[in-house]
There are 4 protein chains.
Amino acid sequence: MTITGEMLRTHPKADGSDALLMCIEACVECAQSCTSCADACLGEEMVAELTGCIRKNLDCAAVCAATAVVLTRQTGSNPDTVRAVLEACRAACAACAEECEQHAGMHEHCTICAEACRRCERACAELLAA
Amino acid sequence: MTITGEMLRTHPKADGSDALLMCIEACVECAQSCTSCADACLGEEMVAELTGCIRKNLDCAAVCAATAVVLTRQTGSNPDTVRAVLEACRAACAACAEECEQHAGMHEHCTICAEACRRCERACAELLAA
Amino acid sequence: MTITGEMLRTHPKADGSDALLMCIEACVECAQSCTSCADACLGEEMVAELTGCIRKNLDCAAVCAATAVVLTRQTGSNPDTVRAVLEACRAACAACAEECEQHAGMHEHCTICAEACRRCERACAELLAA
Amino acid sequence: MTITGEMLRTHPKADGSDALLMCIEACVECAQSCTSCADACLGEEMVAELTGCIRKNLDCAAVCAATAVVLTRQTGSNPDTVRAVLEACRAACAACAEECEQHAGMHEHCTICAEACRRCERACAELLAA
């Protein structure tokens, strides 16, 4: 079991649903992937053509990190906030995935990052539907 | 002029609208206020009755901080992401303001924090309407 | 391989050392563990006795998250900054581990969180020594 | 009085020293300035020559933001952590200021950001000496 799962399991009041756990883990993973992809893009010689990707990476990283902490505190949070944050995360992931997919042929880091974004986008949609 | 205003003014491509500037500043202020209110609540003897407030403070701080960075990069961002992030920030601010207002009679830090949340909620609404 | 490993492997200039990879992953894990432990402590009936733990959890989460992003961008960063950030992370992890260890007998989330903090403290020390 | 000052004044246990208040405000300002400077650099035609500046901006923004929240919770924090975090913030600000100063002749946003970094570097040094 991951640390996120262990911590939810031992939380005095967490519901510990699978959809919640998977969404937190997808957000943490996507934030890390996007932070790394932004830096990889900065390291490419054609960086001037990747500024849109870097911005979407950094936006997605910030939104995923905030979503992860809000979900981790989900027990005590307002459901309206959780829902709106999940919608924002889904939008940021979709925008970043779409951008990274355009560079996937040239940059393997964009391929991997796009996959992480799509996983997180789906995990947000599934938690919204749960 | 604030540092946020100076930086937007000298950005090579920023639109520099007043609504954008005011919203970034309201988010930065509200994030700081909520971080501080969470700690002030932790320092109160009746902390056991303030756990809901602490959680909403921490959620609001995380969402406002993410919103501030996304808006600061607004030039290159996807409008769908910006709109969804503003909606999330408005929801987090409204939830935190409502909670802090309930303790405003007893704790001056909650009074001040509720005002910062309401200002940020309004600034998000105005930027969404702009 | 984890997403962090995949992204470092495909970065155009990353050194990809094992010590770097392990430290980034330990920071990400510890940030998540501490965010969750703070909320679990807020959910305990004896929260009034856990405020010191909540504060150290939140501090450690903030420092670990910042350390993870600085390390992820390690390729282009100033070595003095990286070193000082690793020292700060080691201190925050040690302080949080020590605190969590005091509650480990009563709260399983503190036991698990203390272990994550000790792993991260060691990973920082190993990267500093590398 | 700023929101940070108002919140410290109404905190049940804060010491409310001027050096602490000034350092928190300098960190918040510097984080905002560095986030904005990174994006302004991304918007410059000569972005390929500014990647080092963007990385130092993003590192400095992350470290200043973490420092601001740790200092805001200073009442309950471990003094060793606070000291190490202040040293890390001072190092990140010095590195970013040095880099921005090299581009100050060409980019006004780097001039303004370098000044914010130097103010924050000094504020950290003064709080360390207090």
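Since the structure is predicted, the reported quantities are computational estimates derived from the model, not experimental observations.

Colleague: When you look at the overall build of chain A in this model, what are you seeing that I'm missing?
Modeller: Across its full length, chain A holds 5 helices and 0 strands. Its C-alpha radius of gyration of 15 Å places chain A within 12% of the 14 Å reference for a compact globule of 130 residues. When its C-alpha atoms are laid out on the principal axes, chain A stretches across 50 × 30 × 20 Å. Pairs at least 24 residues apart make up 68% of the contacts formed inside chain A by residues separated by at least 6 positions. Entry remark: accessible area of chain A is about 4,600 Å², with carbon and sulfur atoms responsible for 49%. Chain A carries 10 positive and 19 negative side-chain charges, and their two centres are separated by 8 Å.

Colleague: What exactly am I supposed to notice about the interface of chain C and chain A here?
Modeller: A common way to report how large an interface is uses the accessible area buried once the components associate. If you look at the interface, chain C gives 32 residues, while chain A gives 32 residues. With both chains or domains summed, chain C and chain A bury close to 2,800 Å², and 65% of this area falls on carbon and sulfur atoms. Among the residues chain C hides against chain A, the three largest losses belong to Ile3, Met7 and Gln32 of chain C. Together they make up 24% of the total. Taken together, chain C and chain A are joined by 2 salt bridges. Note that glutamate 108 of chain A and arginine 9 of chain C form a salt bridge whose closest N and O atoms lie 2.9 Å from each other. Counting the contacts that link chain C with chain A gives 8 residue pairs in polar contact (both at pLDDT 80 or more). Residues that form the side of chain C that touches chain A fall into these classes: 12 nonpolar, 11 polar and 9 charged.

Colleague: It is not clear to me how the side chain of serine 36 of chain D should be interpreted in this structure. Could you clarify?
Modeller: Within the secondary structure layout, serine 36 of chain D lies in helix 2 (residues 18-42). Overall, serine 36 of chain D belongs to the buried group, its relative accessible area being 1%.

Colleague: Would you mind going over the relation of the copies chain C and chain A with me for this structure?
Modeller: Relating one copy of the chain to the other requires a rotation about an axis plus a shift along that axis. Least-squares fitting of chain C to chain A yields an RMSD of 0.0 Å, with the superposition described by an axial translation of 0.0 Å and a rotation of 180°. Taken together, the rotation angle and the small translation identify this as a two-fold axis. Using C-alpha coordinates, one finds that chain C approaches the rotation axis most closely at valine 28 of chain C, a distance of 3.9 Å.

Colleague: Looking at this model, I keep getting lost on the packing of helix 2 (residues 18-42) of chain B against helix 5 (residues 108-129) of chain B. Mind explaining?
Modeller: Packed helices, taken two at a time, are described by the angle between their axes plus the distance between the axes. Residues and elements named next belong to chain B. As a packed pair, helix 2 and helix 5 sit with axes 8 Å apart at the nearest point and diverge in direction by 155°. In this view, helix 2 runs roughly antiparallel relative to helix 5, as classed from their interaxial angle. Considering only the axes of helix 2 and helix 5, their crossing is left-handed.

Colleague: Is there a simple way to explain the confidence of the model for chain A in this structure?
Modeller: Caution is warranted with low-pLDDT regions, since their predicted coordinates should not be read in detail. Residues and elements named next belong to chain A. Looking at chain A as a whole, its pLDDT mean stands at 95, while 100% of the residues score no less than 70. Mean pLDDT per element in chain A: helix 1 (residues 3-10) is the minimum at 94, and helix 5 (residues 108-129) is the maximum at 98. Interface confidence for the predicted complex, given as ipTM, is 0.96, next to a pTM of 0.97.

Colleague: Can you help me understand the relation of the copies chain B and chain D in this one?
Modeller: The transformation that overlays chain B on chain D combines an axial shift of 0.0 Å with a rotation of 180°, and the residual RMSD is 0.0 Å. Taken as a fraction of all interface residues of chain B, those also at the interface in chain D reach 100%, which identifies the copy contact as same-surface.

Colleague: Mind showing me how you'd approach the interface of chain B and chain D here?
Modeller: Chain B puts 32 residues into the contact, and the matching count from chain D is 32 residues. Taking both sides of the interface into account, the surface hidden between chain B and chain D amounts to around 2,800 Å²; carbon and sulfur atoms contribute 65%. On the chain B side of the contact with chain D, Ile3, Met7 and Gln32 of chain B bury the most area, a combined 24% of that side's loss. Run the count over chain B and chain D and you get 8 residue pairs in polar contact (both at pLDDT 80 or more). Elements that contribute at least two residues to the side of chain B that touches chain D include exactly helix 1 (3-10), helix 2, helix 3 (51-72) and helix 5 of chain B.

Colleague: I'm lost on helix 3 (residues 51-72) of chain A in this one. Help?
Modeller: An α-helical turn contains 3.6 residues, so any two residues separated by three or four positions project in the same direction. Taking 1.5 Å per residue, 22 residues should reach 32 Å; helix 3 of chain A reaches 32 Å between its end C-alpha atoms and fits that length. Of all 22 residues in helix 3 of chain A, 19 are buried, a share of seventy percent or more.

Colleague: Explain the state of the cysteines here, please?
Modeller: When the sulfur atoms of two cysteines share a covalent bond, that bond is a disulfide. Residue and element names in this part refer to chain A. Across all of its chains, the model carries 0 disulfides over all chains by this definition. Sulfur of cysteine 37: no disulfide; nearest cysteine sulfur belongs to cysteine 110 and is 3.9 Å away. Overall, the relative accessible area of 0% leaves cysteine 37 in the buried class.

Colleague: Would you take a moment to explain helix 2 (residues 18-42) of chain A for this structure?
Modeller: Helix length check: helix 2 of chain A, at 25 residues, gives a terminal C-alpha distance of 36 Å against a target of 36 Å (1.5 Å per residue), a fit within 8%. Across the 25 residues of helix 2 of chain A, 19 count as buried, placing the element largely inside the fold.

Colleague: How should the environment of glutamate 101 of chain D be read in this particular structure?
Modeller: Residues and elements named next belong to chain D. If you trace the backbone, glutamate 101 turns up in helix 4 (residues 79-102). Assessed through its relative accessible area of 39%, glutamate 101 is described here as partly exposed. For the pair glutamate 101 and valine 63, spaced 38 residues apart in sequence, the C-alpha separation works out to 19 Å. Once residues lying within four places of it in the same chain are set aside, the contact partners of glutamate 101 are Ala114 and Arg118.

Colleague: Please explain the environment of cysteine 110 of chain A as it appears in this structure.
Modeller: Residue and element names in this part refer to chain A. Its place among the elements puts cysteine 110 in helix 5. Residue classification places cysteine 110 among the buried residues on the basis of a relative accessible area of 0%. Between the alpha carbons of cysteine 110 and alanine 40 there is a distance of 8.8 Å; along the sequence they are 70 residues apart. Beyond its immediate sequence surroundings of up to four residues, cysteine 110 is in contact with Cys37, Cys41, Cys53, Cys100, His103 and Ala104.

Colleague: Teacher, can you tell me more about the pattern of salt bridges here?
Modeller: Oppositely charged side chains may form a pair once their charged atoms are brought near each other. For the structure on display, the rule yields 36 salt bridges over all chains. Residues joined by salt bridges that share partners form a network here, namely Glu6 and Arg9 of chain A together with Glu108 of chain C.

Colleague: Can you help me understand the environment of arginine 119 of chain C in this one?
Modeller: In this fold, arginine 119 of chain C is placed in helix 5 (residues 108-129). Assessed through its relative accessible area of 33%, arginine 119 of chain C is described here as partly exposed. Taking the C-alpha atoms as reference points, arginine 119 of chain C and valine 69 of chain C, 50 residues apart in sequence, are found 18 Å from one another. Sequence-distant contacts of arginine 119 of chain C, defined by excluding residues within four places in its chain, comprise Ile3 of chain A together with Ala26 and Glu29 of chain C.

Cut-off values and rules
Residues numbered from 1 in each chain as written. Chains lettered and ligands numbered in written order. Predicted model: local features only at pLDDT ≥ 70, side-chain atom pairs only at ≥ 80, totals over all residues. Heavy atoms only, no water. Helix = DSSP H or I, 4+ residues; strand = E, 2+ residues; numbered from the N terminus. Rg over C-alpha atoms; globule rule 2.2 N^0.38 Å. Contact = heavy atoms within 4.5 Å. Areas by Shrake-Rupley, 256 points an atom, 1.4 Å probe, with all protein chains shown as cover. Lys, Arg positive; Asp, Glu negative; His and termini not counted. Charge placed at Lys NZ, Arg CZ, Asp CG, Glu CD. Buried area = accessible area lost by both parts, 1.4 Å probe. Salt bridge = Lys/Arg side-chain N within 4 Å of Asp/Glu carboxyl O. Polar contact = N/O pair within 3.5 Å; in protein donor to acceptor, adjacent residues only side chain to side chain. Nonpolar A, V, L, I, M, F, W, Y, C, P; charged D, E, K, R; others polar. Buried < 20%, exposed > 50% of the residue type's maximum accessible area, 1.4 Å probe, protein only. Least-squares fit on C-alpha atoms with pLDDT ≥ 70 in both. Axes fitted to C-alpha atoms, helices over the stretch in contact; angles between N-to-C directions. Parallel < 35°, antiparallel > 145°, perpendicular 65-115°, else oblique. Left-handed = near helix turned anticlockwise from the far one by under 90°. pLDDT = per-residue confidence, 0-100. Expected span 1.5 Å × (residues − 1). Disulfide = S-S within 2.5 Å.

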